[in-house]
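# What the coordinates show
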Amino acid sequence: MSTGTLTEAEAPPPPPLAPVPATGKPPRKRGRWTPYLLLAPGLIWLLVFFAMPMVYQASTSVQTGSLEEGYQVTWHFATYWDALSEYYPQALRSVLYAGTATVLCLLLGYPLAYLIAFRAGRWRNLILILVIAPFFTSFLIRTLAWKTILSDGGPVVGALNTLHVLDVTSWLGLTAGDRVLATPLAVVCGLTYNFLPFMILPLYTSLERIDGRLHEAAGDLYAKPFTTFRKVTFPLSMPGVVSGTLLTFIPASGDYVNAELLGSTNTQMIGNVIQSQFLRILDYPTAAALSFILMAAILLMVTVYIRKSGTEDLV
Amino acid sequence: MAFVNWLKHRLVVIAGLLTLGYLLLPNIVVTVFSFNQPKGRFNYEWQEFSTAAWTDPCGVADLCGSLSLSLQLAAWATLGATVLGTLIAFALVRYRFRARGAVNSLIFLPMAMPEVVMAASLLTLFLNLGAQLGFWTILIAHIMFCLSFVVVAVKARVMSMDPRLEEAARDLYAGPVQTFVRVTLPIAAPGIVAGALLAFALSFDDFIITNFNAGSTVTFPMFVWGSAQRGTPVQINVIGTAMFLVAVLFVVAGMAVTHRRKRQKA
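Remember, predicted model here, so these are calculated numbers, not experimental data.

When its secondary structure is counted, chain A shows 14 helices and two strands. Counting the 315 residues in chain A, one finds 45% classified as buried. When contacts within chain A are restricted to residue pairs at least 6 apart in sequence, those whose partners lie at least 24 apart make up 68%. In the structure as shown, chain A presents an accessible area of about 15,900 Å², 66% of it carried by carbon and sulfur atoms.

Below, the structure is given as C-alpha cells:
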C-alpha cells in the first residue's frame, strides 16, 4: 500500500489547534495532518496484521524444507502445480457448492427481502429482528442443529423419501441412498442456511430505497405485476443482488465448517484441505499455496463479476 | 379459481415466510433440544423432557470457562475495533487527502477475503515471528477482521450527517473538543453502536480465524467444535437459546427506546 501515507502518518503530531478566538472567523482550515493522524492507528493495524501476513504467506508458498530442518525460500513454484493437481477436485467442489448455495440464497432470499421491504407493514421490524437475531447465536450450534433436522429416518428425510425427491437427488448424485447427512445436499443446505442473511440484508437495503411511486407508474402504464418486477424492481435492486451474491459466495467458497459437520470425506472443500494441511499435516508450503490460489481465484472472479454487472461503486 | 387468485396474490408473502421458517428452524430445534434428556454422548435425538441443563448450565467441564473467555475477547476486540474503525471512518468522510482510494481498498479487502485465507496468512506471520499462540494472537486477529465492518457502519452514519450542525456549534463559540463531544459524537453514536454490536457478534461467534490462531486456547465456538466430535452436552443448546433470547431482547429494547424518543419529540 502507499508508503506515503505511512511516513506521513508517523510524523510527529501537529501543534494543538489554537482555541477559537472570541472574535473573528471560526477556523475554516483544519490541520493538514489530522486525517493521517486519524487513519494511522487502524491502518497500521491492517498493514501489519492483514497485508504483511499475505506477504509472509506468499513467501511460505515458495519455500521448501521440512518441519524438523526448517524451511527456506527456494522459489519452488512447483508447489502450486503439485497442490493444484492433487486437490483440484476439492477446489472444483468449492466453486460448485458455493455457487449452488449462492443461487439458492438468491432464490430463497429475494422473496423474503421483498416481503420485508414492501409487504410487511407493521411486522417489518419484527421480521428484520428474526433475520438478524440468529447472528448472535453461535453459528456452530445452529449448524449442528441441522444434524438433528436431517437425521436418518427423521421427519424431513422421511418426507423427502415419500415424495420420491431423494430418488431424483440420488440420481443427480446429490444424495446417497435414503440418507441426506454426509452428502453434497446436506453441505449445500448448510451453506445456503448459513449465508442466507448475508443475501437478504443487502437485497432488503436496495429494495427499500426504491420509490413506491415507480411501481404505481408502471401499473398506470398497464404493466402486469410480473412485468413491473422484471422491468422496474429487479433492475433497481441490482446493487443488492451483486453485493448479496458476493457476500454469500466469497465466505461460502472458503468455508470448511459445513463440509466438516454435515458432509463426509467425499464432500471436502478447499477450506478443509487448507485447514488440515495447516493444522494437522503441518505442510506449510502446500497450505500457503492453496490459500493463495483460493485468494487469487476469488479476487479474479469478483473483479470480472463486478465489471460484468456494471456496478463498480459498491463500497 | 378464487384459490388460485388468492395464491397468486400471496405468492411473495408465502415464499418469504417459508424462507423465514428455513432461517429459524435450527433455532427452534436448538431451543427444543435444550429441554432434552439425551441417552449417550450426542444430543441429536429426542428422548424425554428435562430442565436439568437449564438449572445447571455450567455443569459441563470447561464450558463456562470458554464462554467467559469468548465474552472477554469479544469485549476487548469490540473496544479496539470500534475506536480504530471510528477514527478511520471520520477521516474518510470528513477529509480529502492523497491515497484515499488506496485506503478504501485496504479497508474493503478484509471483507472480500475468505476467512480461511486471512486465518492461514496470519498464522504464517505468527509462526515466522515465533509468537506464542493464545489470547493475544486471537485478540489481534479479531480486531483486524472486525475493523472494516466498524468503518462501514460508522461511515454510513457520518455521511448522512449534516455538517452545518457542527458549523452552527462553532458559530456559537463551541471549541473543537466541545463541538465533537456535544454535537458530533451524539449524532454519530447510532452508527458507532451499530458497528460495535456487529464487531461483538462477529468476534464472539468467530470460529475459522480463531481455530487457526488460538493454539491450545479454547474459546466458546472452539468448545462447540470440539464437542461435535466428542459428544455434545445439552448445555450447549441452553447457551444457544439464551443467546438468541438476549439478542432479541436487546434489539426490542433498543427499538422501544428510539420509539419513545420519537414520540417525545413529536
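Turning to the confidence of the model for chain A, a few remarks are in order. Detailed reading of the predicted model is not advised wherever pLDDT is low. Averaged over all residues, the pLDDT of chain A is 85; the fraction at 70 or higher stands at 88%. Per-residue pLDDT stays below 50 along residues 1–11 of chain A; that stretch engages in 15 contacts with residues further than four places along the chain or on separate chains.

Bringing unusual backbone geometry into the picture now. With glycine set apart, most residues show a phi of negative sign, and most peptide bonds adopt trans. Positive phi values are uncommon outside glycine, yet Trp75 of chain A reaches one of about 50 degrees. Inspection of the secondary structure assignment puts Trp75 of chain A in the loop between strand S2 (70–73) and helix H3 (78–119).

This paragraph deals with the packing of helix H13 (residues 270–281) of chain A against helix H14 (residues 284–309) of chain A. Residue and element names in this part refer to chain A. Orientation of H13 relative to H14, taken along the N-to-C sense of each, is 155 degrees, at an axis distance of 8 Å. Taken together, the axes of H13 and H14 are roughly antiparallel relative to one another. Here the hand of the crossing between H13 and H14 comes out left-handed. In this structure, H13 uses Ile270, Val273, Ile274, Gln277 and Phe278 to contact H14, whose residues at the interface are Tyr284, Thr286, Ala287, Ala288, Leu290, Ser291 and Leu294.

With that settled, consider the state of the cysteines. According to the stated counting rule, one finds one disulfide over all chains in the structure shown. Two residues share a disulfide in this structure: Cys58 of chain B and Cys64 of chain B, whose sulfurs sit 1.9 Å from each other. Measuring the twist about the S-S bond at about -90 degrees, one finds the Cys58 of chain B-Cys64 of chain B disulfide to be left-handed. Here Cys58 of chain B falls in the partly exposed class, since its relative accessible area comes to 46%. For Cys64 of chain B, a relative accessible area of 22% gives the class partly exposed. No disulfide involves Cys189 of chain A; its sulfur sits 10 Å from the nearest other cysteine sulfur, which is in Cys105 of chain A. Accessibility expressed as a relative area gives 16% for Cys189 of chain A, which makes it buried.

Turning our eyes to something else, we now look at the side chain of Ser94 of chain A. Within the secondary structure, Ser94 of chain A is located in helix H3. Those residues within four positions of Ser94 of chain A in sequence are excluded, and the remaining contacts are Gly99, Ser253, Met269 and Ile270 of chain A.

A grouping of Phe3, Val4, Trp6, Leu7, Leu11, Ile14 and Leu18 of chain B is seen on the molecular surface, where their side chains present a nonpolar patch of about 680 Å² in accessible area. With respect to the secondary-structure elements, Trp6 of chain B resides in helix H1 (residues 2–33).

Here the focus is the interface of chain B and chain A. In this complex, chain B contributes 86 residues to the contact, which on the side of chain A involves 82 residues. In this assembly, chain B packs against chain A so that about 8,000 Å² is buried in total across both faces, 79% of it on carbon and sulfur atoms. For the pair chain B and chain A, the interface holds zero salt bridges. At the boundary of chain B with chain A, the tally comes to nine residue pairs in polar contact (both at pLDDT 80 or more). If one sorts the elements of the side of chain B that touches chain A by residue count, H1 of chain B sits on top with 17 residues.

Let's shift gears to the environment of Tyr88 of chain A. Mapped onto the elements, Tyr88 of chain A comes out in helix H3. Spatially, the C-alpha atom of Tyr88 of chain A lies 36 Å from that of Val131 of chain A, the residues being 43 residues apart in sequence.

On to the pairing of strand S1 (residues 63–66) of chain A, then. As judged from the four bridges shared by S1 of chain A and S2 of chain A, these two strands associate in the antiparallel manner. Bridge pairing in S2 of chain A links Ser66 of chain A to Gly70 of chain A.

Before going further, it helps to examine H3 of chain A. Residue Tyr87 of chain A marks the point of greatest curvature in H3 of chain A, where the axis turns by about 70 degrees; the proline Pro89 of chain A follows within four residues. Directly after H3 of chain A, the chain includes Gly121 of chain A, whose backbone phi takes a positive value near 60 degrees.

Okay, the packing of aromatic side chains next. The tally for this structure, following the rule as stated, stands at 29 aromatic pairs over all chains. Each residue in the set Tyr110, Tyr114, Phe118, Phe226, Phe229 and Phe234 of chain A is aromatic and connected to the rest through ring pairs, giving one cluster.

The full count for this structure, using the stated rule, is five salt bridges over all chains. With its nearest N and O atoms 3.0 Å apart, the salt bridge here joins Asp152 of chain A to Arg179 of chain A. Residue Asp152 of chain A is located in the loop between helix H5 (139–149) and helix H6 (155–162), and its partner Arg179 of chain A is located in the loop between helix H7 (165–171) and helix H8 (184–208); the two are separated by 27 residues in the primary sequence. A salt bridge links Arg164 of chain B to Asp162 of chain B; its shortest N-O distance comes to 3.0 Å. A relative accessible area of 59% means that Arg164 of chain B is categorised as exposed.

Ranked by size, the top nonpolar core spans 154 residues in total, and within it Leu112, Val257 and Ile274 of chain A together with Phe207, Phe212 and Phe220 of chain B carry the most contacts. Leaving out residues up to four positions away in the same chain, Phe207 of chain B has contacts with Phe139, Leu140, Tyr256 and Val257 of chain A together with Pro221, Met222 and Trp225 of chain B.

Turning next to the confidence of the model for chain B. Averaged over every residue, the pLDDT of chain B is 90; the share at 70 or more is 99%. For chain B, per-element mean pLDDT is lowest for helix H11 (residues 234–265) of chain B, which scores 86, and highest for helix H9 (residues 208–213) of chain B, which scores 96.

Here we take up helix H6 (residues 135–159) of chain B. Here H6 of chain B is 25 residues long and its end C-alpha atoms lie 35 Å apart, about the 36 Å a rise of 1.5 Å per residue gives. At Cys146 of chain B, H6 of chain B shows its largest kink, close to 30 degrees.

This brings us to the environment of Leu108 of chain A. For Leu108 of chain A, the location among the structural elements is in helix H3. Its relative accessible area of 29% is what places Leu108 of chain A among the partly exposed residues. Expressed as a C-alpha distance, the spacing of Leu108 of chain A and Tyr193 of chain A, which sit 85 residues apart in the sequence, is 9.9 Å. Sequence-distant contacts of Leu108 of chain A, defined by excluding residues within four places in its chain, comprise Thr192 and Leu196 of chain A together with Thr19 and Tyr22 of chain B.

Conventions used here
Residues numbered from 1 in each chain as written. Chains lettered and ligands numbered in written order. Predicted model: local features only at pLDDT ≥ 70, side-chain atom pairs only at ≥ 80, totals over all residues. Heavy atoms only, no water. Helix = DSSP H or I, 4+ residues; strand = E, 2+ residues; numbered from the N terminus. Buried < 20%, exposed > 50% of the residue type's maximum accessible area, 1.4 Å probe, protein only. Contact = heavy atoms within 4.5 Å. Areas by Shrake-Rupley, 256 points an atom, 1.4 Å probe, with all protein chains shown as cover. pLDDT = per-residue confidence, 0-100. Axes fitted to C-alpha atoms, helices over the stretch in contact; angles between N-to-C directions. Parallel < 35°, antiparallel > 145°, perpendicular 65-115°, else oblique. Left-handed = near helix turned anticlockwise from the far one by under 90°. Disulfide = S-S within 2.5 Å. Patch = residues over 30% accessible without salt bridge, like charges linked within 9 Å, V, L, I, M, F, W, Y side chains within 5 Å. Salt bridge = Lys/Arg side-chain N within 4 Å of Asp/Glu carboxyl O. Buried area = accessible area lost by both parts, 1.4 Å probe. Polar contact = N/O pair within 3.5 Å; in protein donor to acceptor, adjacent residues only side chain to side chain. Pairing = 2+ DSSP bridges. Bend = angle between axes of the 7 residues up to and from the residue. Phe/Tyr/Trp six-rings, centres within 6.5 Å; stacked < 30°, edge-to-face > 60°. Core = buried A, V, L, I, M, F, W, Y, C linked by side-chain atoms within 4.5 Å. Expected span 1.5 Å × (residues − 1).

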